[in-house]
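Understanding the architecture of this molecule
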Amino acid sequence: MRMRKKRHLEPRMERCGELLLVRGRPCLNLKEAAENFRALFDYPTVFGNENPVELEIGCGNGGFIAELARRNPQTNYLAVEVCSNVILTAMENCMKEGIPNVRFLNIPAEILPCYLPERSVEKIYLNFSTPLPETSREKQRLTSPRFLPIYDSLLKEGGCIVQKTDSAEFFDYSLAKFREYGFRVGEVTRDLHHSEYAQENIVTEYERNFSQKGMPIYRAVAVKEKK
Ligand SMILES: C[S@@+](CC[C@H](N)C(=O)[O-])C[C@H]1O[C@@H](n2cnc3c(N)ncnc32)[C@H](O)[C@@H]1O
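Residues numbered from 1 in each chain as written. Predicted model: local features only at pLDDT ≥ 70, side-chain atom pairs only at ≥ 80, totals over all residues.

1. Quick notes on the sheet that holds strand β8 (residues 218–223)
- Taken in spatial order, the eight strands make up an open sheet running β1-β4-β3-β2-β5-β6-β8-β7, and their pairing is mixed. At either end of the open sheet lies a strand with only one pairing partner, and these are β1 (20–23) and β7 (184–189). The mean angle between the axes of side-by-side strands here comes to 15°, regardless of whether they run parallel or antiparallel.
- The sheet contact formed by strand β2 (residues 53–57) and strand β3 (residues 76–80) spans five bridges and is parallel. Of the residues in β3, the one forming a bridge with isoleucine 57 is valine 80.
- With respect to the sheet, helix α4 (residues 63–71) is in contact with β2, β3, β4 (102–106) and β5 (121–127), its orientation differing from that of β3 by roughly 175°.
- Relative to the sheet, helix α5 (residues 84–97) contacts β1, β3 and β4, its axis offset from that of β4 by approximately 165°. (Pairing = 2+ DSSP bridges. Helix = DSSP H or I, 4+ residues; strand = E, 2+ residues; numbered from the N terminus. Axes fitted to C-alpha atoms, helices over the stretch in contact; angles between N-to-C directions. Contact = placed C-beta atoms within 7 Å.)

Right, dumping it as structure tokens:
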């Protein structure tokens with residue numbers, strides 16, 4: 001079902017302008033844009049400091065990135081979300097609270113290389129990305145072979161992807177694709193909330209829903225090894 005457009009979406013997006021680095025896509029298809037269009041960020045200009053940068057893809061309503069930013073004021077965070085209706089909530093909450101170290105990109109992850117310099121990101125968070133079990137939609141899965149070279153290019157050596165999901169099938173698929181690509185997979189748990197990683201875990205909106213239904217949460221870290 002399509003979500004109804006939020007009331008006064010446009011003026012509200014405008015009011016969040018200082019947090020929103022980019023919106024929409026260049027006038028090219030996604031593949032052409034990713035290959036040909038470059039408007040790379042200068043992080044010290046964006047954040048006013050040289051702190052390390054981490055990225056969340058598919059941030060939804062932004063509860064995770066806001067809490068991560070509160071806990072780690074010495075790290076800068078970029079949050080990507082393709083849906084304007086959803087990212088608006090994330091931005092309005094961060095604005096209200098005055099969280100200084102988060103910025104937002106309202107774009108599809110496919111065109112991240114247009115804006116983020118190569119080897120500039122320490123960590124990528126993929127929280128409850130849509131599993132898309134249909135074979136015909138494999139390319140849209142955020143851990144498919146279409147996306148892994150993008151993450152590889154954005155990550156610094158030794159950087160990593162942290163994935164959480166409720167779907168065993170999608171988790172197994174992702175681990176296989178990370179390994180095939182050459183990432184080293186570790187910190188694997190099939191029951192995050194009863195694991196050694198539970199204490200530091202920040203529960204996302206989707207995660208709360210799934211765990212309230214008694215579903216286990218899967219988590220792993222895929223590391224880009226030094227060459
Ligand atoms: C299932 S929701 C999870 C939201 C949040 N991470 C959480 O755990 O509560 C997945 C989100 O990813 C976004 N998304 C899906 N594909 C995307 C893409 N290619 N680029 C950016 N965002 C995407 C969707 O719009 C949606 O908001």
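2. Re the site of the ligand
- With respect to spatial proximity, 20 residues lie near the ligand, and among them Gly58, Gly60, Phe128, Thr204 and Tyr206 are the closest.
- The dominant element in the shell around the ligand, judged by the number of residues it contributes, is helix α8 (residues 205–212), at three residues.
- Of the residues contributing to the shell around the ligand, the split by class is 10 nonpolar, six polar and four charged. (Near = placed C-beta within 6 Å. Nonpolar A, V, L, I, M, F, W, Y, C, P; charged D, E, K, R; others polar.)

3. Overview of α5
- Compared with an ideal rise of 1.5 Å per residue, which puts 14 residues at 20 Å, α5 spans 20 Å between its outermost C-alpha atoms and is within 8% of the ideal.
- If you check which residues of α5 are buried, you get Ile87, Leu88, Ala90, Met91 and Cys94.
- The secondary structure elements touched by the buried residues of α5 are α1 (9–15), β1, α4, β3 and β4. (Expected span 1.5 Å × (residues − 1). Buried ≥ 20, exposed ≤ 12 C-beta atoms within 10 Å, placed from the backbone.)

4. Looking at the nonpolar core
- One finds Ile65, Ala79, Val80 and Ile124 to be the most contacted residues of the largest nonpolar core, which totals 43 residues.
- For this core, the element with the highest residue contribution is α5, accounting for five residues.
- Leave out the neighbours within four places in its chain, and isoleucine 124 touches Leu55, Ile57, Tyr151, Leu155 and Ile161. (Core = buried A, V, L, I, M, F, W, Y, C linked by C-beta atoms within 7 Å.)

Function cannot be inferred from these measures alone, as they are strictly geometric.
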